[in-house]
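A look at the structure
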Amino acid sequence: MQVTPIQTGGADVAADRAPRTVTTLLVGKLLCRGTVEHLCRVRNISMTGMMLETHHTLGYGSWVAVELRSGDRLQGSVVWSSEGRAGVEFGAPIDVDHILAQAKAAPERFGANAPRAPRFDVECAARISCFGRHIDVALENISQSGARICLPKPPKPDTEVILSVPGLPSRRCTTRWASDEKAGLVFLEPISYNDLAPWLEHCNLDS
């Protein structure tokens, strides 16, 4: 969903308040001009803008959008950029309290439609270890919390495997689902942002 801007009429008390900057660490999917998607973190946010942490270089004046795990979408223009960080000014004031409340909501609140960590399509050779066997697979997408792989005979659901991807730490996983020649894996421990973000940027450069 896209965040509804705050109305600026005099009756709206929230709009009359001075912009309040909140320090946070919201992981999101960074969208720029073009089709490539990037992993980013919102380091702080106010009614009028946010500061991003990203391994992707953003140019002054560039339009960007960040899709958060909650489904909220923050968008605006880059007003400054330095190594690994950038400031974005929103096109209209946003409701910061709404953003933070959605981000902190327990997964149980969403039921079967609980939002998941930002997922990225990749094309990468990988390997799983299962019952002492090493099996070559194709990695099709990945997030901090899981991945989708392709292989001739996927393991049954609830099977524990170890996923090895070149350039990333190996991860113990369980198979959440399996169908035809694909399987969905859930990591027992999430991949850290500092491991996944630069790895994704390396994949983008190679594609």
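As a reminder, the structure under discussion sits directly above these lines.
Residues numbered from 1 in each chain as written. Predicted model: local features only at pLDDT ≥ 70, side-chain atom pairs only at ≥ 80, totals over all residues. Heavy atoms only, no water.

Counted according to the given criterion, the structure contains 8 salt bridges. Across the salt bridge formed by Glu 53 and Arg 41, the nearest N and O atoms sit 2.5 Å from each other. Of this pair, Glu 53 sits in strand E3 (residues 49-54) while Arg 41 sits in strand E2 (residues 37-45); the two residues are 12 residues apart in sequence, bridging distant segments of the chain. Residue Glu 53 shares its accessibility class with Arg 41, and that shared class is buried. (Salt bridge = Lys/Arg side-chain N within 4 Å of Asp/Glu carboxyl O. Helix = DSSP H or I, 4+ residues; strand = E, 2+ residues; numbered from the N terminus. Buried < 20%, exposed > 50% of the residue type's maximum accessible area, 1.4 Å probe, protein only.)

Positive phi outside glycine occurs at Asp 158, with the angle close to 70 degrees. Within the secondary structure, Asp 158 sits in the loop between strand E9 (146-150) and strand E10 (160-164). We classify Asp 158 as exposed; its relative accessible area is 70%. At Asp 180, a position not held by glycine, the phi torsion is positive, near 55 degrees. Inspection of the secondary structure puts Asp 180 in the loop between strand E11 (171-179) and strand E12 (182-187).

With that settled, the discussion passes to the sheet that holds strand E6 (residues 85-90). Strand order in the closed barrel made by the 6 strands is E1-E2-E3-E6-E5-E4, with antiparallel pairing throughout. If you compare each strand with its neighbour and ignore which way they point, the axes differ by 45 degrees on average. Of the pairings in the sheet, the one linking strand E1 (residues 22-31) to E2 comprises 8 bridges and is antiparallel in character. Bridge pairing links Leu 26 to Val 42 in E2. Here helix H2 (residues 96-104) sits on the sheet and contacts E1, E2, strand E4 (63-68) and strand E5 (73-82); the angle it forms with E1, its principal contact strand, is near 80 degrees. (Pairing = 2+ DSSP bridges. Axes fitted to C-alpha atoms, helices over the stretch in contact; angles between N-to-C directions. Contact = heavy atoms within 4.5 Å.)

For H2, every residue scored as buried is listed here: Val 96, Ile 99, Leu 100 and Gln 102. The buried residues of H2 occupy one face: seen down the axis, they fall within an arc of 160 degrees. The elements touched by buried residues of H2 are E1, E2, E4 and E5. At the N-terminal end of H2, a side-chain oxygen is found 3.2 Å from the backbone nitrogen of Asp 97, two or three residues along, and the residue is Asp 95. (Arc of directions from axis to C-beta. Polar contact = N/O pair within 3.5 Å; in protein donor to acceptor, adjacent residues only side chain to side chain.)

Turning our attention to the packing of aromatic side chains. Between two aromatic rings, the relevant description is the distance of the centres plus the angle of the planes. According to the stated counting rule, one finds 0 aromatic pairs in the structure shown. The cationic tip of Lys 29 hangs over the ring face of Phe 120; the distance from NZ or CZ to the ring centre is 5.3 Å. (Phe/Tyr/Trp six-rings, centres within 6.5 Å; stacked < 30°, edge-to-face > 60°. Lys NZ or Arg CZ within 6 Å of the ring centre and 35° of its normal.)

This part covers empty space enclosed by the protein. Summed over all chains, the structure comprises 1 cavity of 30 Å³ or more. One number sums up the size of the largest cavity: a volume of about 30 Å³. Residue lining of the largest cavity: Ile 142, Leu 163, Val 165, Leu 168, Pro 169, Arg 171, Phe 187 and Ile 191, and that is the complete set. Taken together, the residues of the lining of the largest cavity sort by class into 7 nonpolar, no polar and 1 charged. (1 Å grid on protein atoms, 1.4 Å probe; cavity = no way out; pocket = protein on both sides within 12 Å on 5 of 7 lines; lining within 4 Å. Points joined across faces, edges and corners; volume = space filled by probe spheres on them. Nonpolar A, V, L, I, M, F, W, Y, C, P; charged D, E, K, R; others polar.)

Within the largest apolar cluster, 28 residues are counted, with the highest numbers of intra-cluster contacts made by Leu 139, Ile 142, Ile 149, Leu 163 and Trp 199. Breaking this core down by element, the ones donating at least two residues are strand E7 (120-130), strand E8 (133-142), E9, E10, E12 and helix H3 (193-206). A total of 6 residues in this core trace back to one element, the largest contributor, which is E7. Discounting chain neighbours no more than four positions away, the residues touching Ile 149 are Ile 128, Val 137, Ala 138, Leu 139, Leu 163, Glu 181, Lys 182, Ala 183 and Leu 185. In this structure, Leu 30, Met 47, Ala 86 and Leu 100 belong to the second largest nonpolar core, which totals 23 residues. (Core = buried A, V, L, I, M, F, W, Y, C linked by side-chain atoms within 4.5 Å.)

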